[in-house]
Amino acid sequence: MAKLLEANTLYIGDTHFPFEHKHYLDFLLEIQKRVKCKNIKHVGDLVDNHAISYHEHDPDGKSPKDEFSLARKSVVKWAKAFPKLKMAIGNHDALVYRKGKTAGLPSSVFKTVHEIWGLPRTWEVGFEFLDHEVRTFHGTGYAGKTPHIQAAYDSRRSAVIGHCHSVGGVEYIDTDGKGIFGMSTGCGIDRHKYAFAYGKDFRFKPILGCGVTTDYGRYAQFFPMKD
């Protein structure tokens, strides 16, 4: 691989292990090589947790134990490809903790995200990250055609989000003479898996892709992936 550049960052969209698209990882590695991205960020929803969802789930699907095991296998594979990254916690990642609270369990009994999913210590986990004046967070609560630009408005700085599977792209705005951008990363899910059956009749389908920023967050670009 050509020398990676400290100024460039690759943004991975929602993966929802173990329901990720089988070609998504290869696509990301191709983009990383093409744009020479040294920094890697995951916008959240690393895992799906379909079996413990508060929403309707498939009774013929995997058990919580089996889904958990498969998700951890995906983590092992991806950790080899990206030994170091920063991951924002998404609403699906947080389901384990929400279920615990519903059951009345105190926070002291919970394992960390690293312990639950077997993440390498070199993966940094948090609800949001601010690097080079670019805010990266999952985007829970945002919706519509341009959630990324609303995220930038609210953040008062450039922002990168995931969460909205059917949106991928970049938009620039200027506020008080300071140009900023909002970017939606798209996602890396396999929409044909039963975990996403809820979207079968949706007008807009998931957009596969990822985001990249260059020159220390000055420029942003969305890269679509063919299904």
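It should be noted that the structure appears before, not after, this text.
Our subject in this report is the structure included herewith. (Residues numbered from 1 in each chain as written. Predicted model: local features only at pLDDT ≥ 70, side-chain atom pairs only at ≥ 80, totals over all residues. Heavy atoms only, no water.)

Comments concerning the layout of surface pockets
The line we're drawing: Only protein atoms enter the 1 Å grid, on which a cavity is a set of points fitting a 1.4 Å probe that cannot get out and a pocket is an open set with protein on both sides within 12 Å along at least 5 of 7 lines, lining residues being those with an atom within 4 Å of a point. Grid points are joined across faces, edges and corners, and a volume is the space filled by probe spheres set on the points. Each residue is assigned to one of three groups, with Ala, Val, Leu, Ile, Met, Phe, Trp, Tyr, Cys and Pro labelled nonpolar, Asp, Glu, Lys and Arg labelled charged, and all others, Gly among them, labelled polar. Numbering of helices and strands runs from the N terminus, with a helix taken as a DSSP run of H or I at least four residues long and a strand as a DSSP run of E at least two residues long.
Here the largest pocket is characterised by a volume of approximately 1000 Å³. Around the largest pocket sit 36 residues that line it, and His165, Phe196, Tyr198, Gly199 and Phe202 are the ones nearest its centre. Grouping the constituent residues of the lining of the largest pocket by class yields 15 nonpolar, 12 polar and 9 charged. One number sums up the size of the second largest pocket: a volume of about 370 Å³. Around the second largest pocket, the lining comprises 18 residues; the ones closest to its centre are Lys38, Asn39, Ile40, Lys84 and Lys86. For the lining of the second largest pocket, the elements supplying multiple residues, two or more each, are strand E1 (5-12), strand E2 (37-42) and strand E3 (85-88). Ranked by the residues each element gives to the lining of the second largest pocket, the list is headed by E2, at 4 residues.

Re the pairing of E1
Quick note on the threshold: Residue burial is assigned from relative accessible area. The probe radius is 1.4 Å, only protein chains are included, and a residue is buried under 20% of its type maximum, exposed over 50%, and partly exposed in between. Being paired, for any two strands, means DSSP has found at least two bridges between them. Every crossover in which the path from the first strand over the helix to the second runs clockwise, viewed with the strands pointing away from the viewer, is termed right-handed.
Most of E1 is tucked away: 6 of the 8 residues are buried. Pairing of E1 with E2 involves 5 bridges; the strand directions are parallel. Opposite Leu5, over in E2, you have Cys37 as the bridge partner. For the segment spanning E1, helix H1 (residues 24-35) and E2, crossover handedness is right-handed. Here E1 pairs with strand E10 (residues 209-214) via 4 bridges, running antiparallel. Bridge pairing links Ile12 to Cys210 in E10.

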